[in-house]
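# Structural overview
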Amino acid sequence: MKAQLDDTNAEAALNDLAQRFAAVPTRIRQGSSYDGLTRAAGDGGLRHELASMCRAADSYCAPTDIECRLKLGVVFYSSGDDANAIQSFNDVISEQESHVEAWFNLGVVIFGQGQFAEAEYCFSRACEIDPSDAQAWNKRGACLWQLDQRRESRRCVQRARALDRGSLHPRVNLQRLA
């Protein structure tokens, strides 16, 4: 059943969106194929339908709830809509400049576009806000590596590794830096 937002079924569609939204993570996961998001959207590849519903909800009710905007960004990103993902994360940041998840997610999207200096800034902001965020330190290190700032990259990845000994990503990055 494809939900569309109009006057007759807007409430039902938004309720359906709210139920699906409950399972959407607030952080873009490293190395994720978004199977979890596909499950959140339902079977049969409804992730794109969820993203379409999000676009409609975004224009229909212009949600100002920060968590909603954050999840909209994750859904947009997972469906390949970087422009709307960036807009959603920027909306969160404009409302709450110290929102570490929004900075992290924005960095992930921008990193994927090959804009490493801009992505490094986002991860740097996330690290400033939450110095214990191992994922942000690791991603910042990856950006610095791409920018040929090897010494600073190694420092960031080592910090990520120290913060989260169980994580595979900093360990793999440290091996690459060796």
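Residues numbered from 1 in each chain as written. Predicted model: local features only at pLDDT ≥ 70, side-chain atom pairs only at ≥ 80, totals over all residues. Heavy atoms only, no water.

This part is about the overall build of the protein chain. Summing up its helical and strand segments, the protein chain has ten helices and zero strands in all. Partitioning the intrachain contacts of the protein chain with sequence separation of at least 6 by distance along the chain shows that 54% fall at a separation of at least 24. A total of about 9000 Å² of accessible surface is found on the protein chain, and carbon and sulfur atoms cover 46% of it. (Helix = DSSP H or I, 4+ residues; strand = E, 2+ residues; numbered from the N terminus. Contact = heavy atoms within 4.5 Å. Areas by Shrake-Rupley, 256 points an atom, 1.4 Å probe, with all protein chains shown as cover.)

For the rest of this paragraph, the subject is the packing of helix α5 (residues 82-95) against helix α6 (residues 100-112). Two elements in contact, α5 and α6, have axes separated by 9 Å at closest approach and are oriented at 155°. The orientation of α5 relative to α6 falls into the category roughly antiparallel. Here α5 runs over α6; the crossing is left-handed. Between α5, through Asp82, Ala85, Ile86, Phe89, Asn90, Val92 and Ile93, and α6, the contact on the second element is made entirely by Ala102, Trp103, Asn105, Leu106, Val109 and Ile110. In the contact of α5 with α6, the residues fall into ten nonpolar, two polar and one charged. (Axes fitted to C-alpha atoms, helices over the stretch in contact; angles between N-to-C directions. Parallel < 35°, antiparallel > 145°, perpendicular 65-115°, else oblique. Left-handed = near helix turned anticlockwise from the far one by under 90°. Nonpolar A, V, L, I, M, F, W, Y, C, P; charged D, E, K, R; others polar.)

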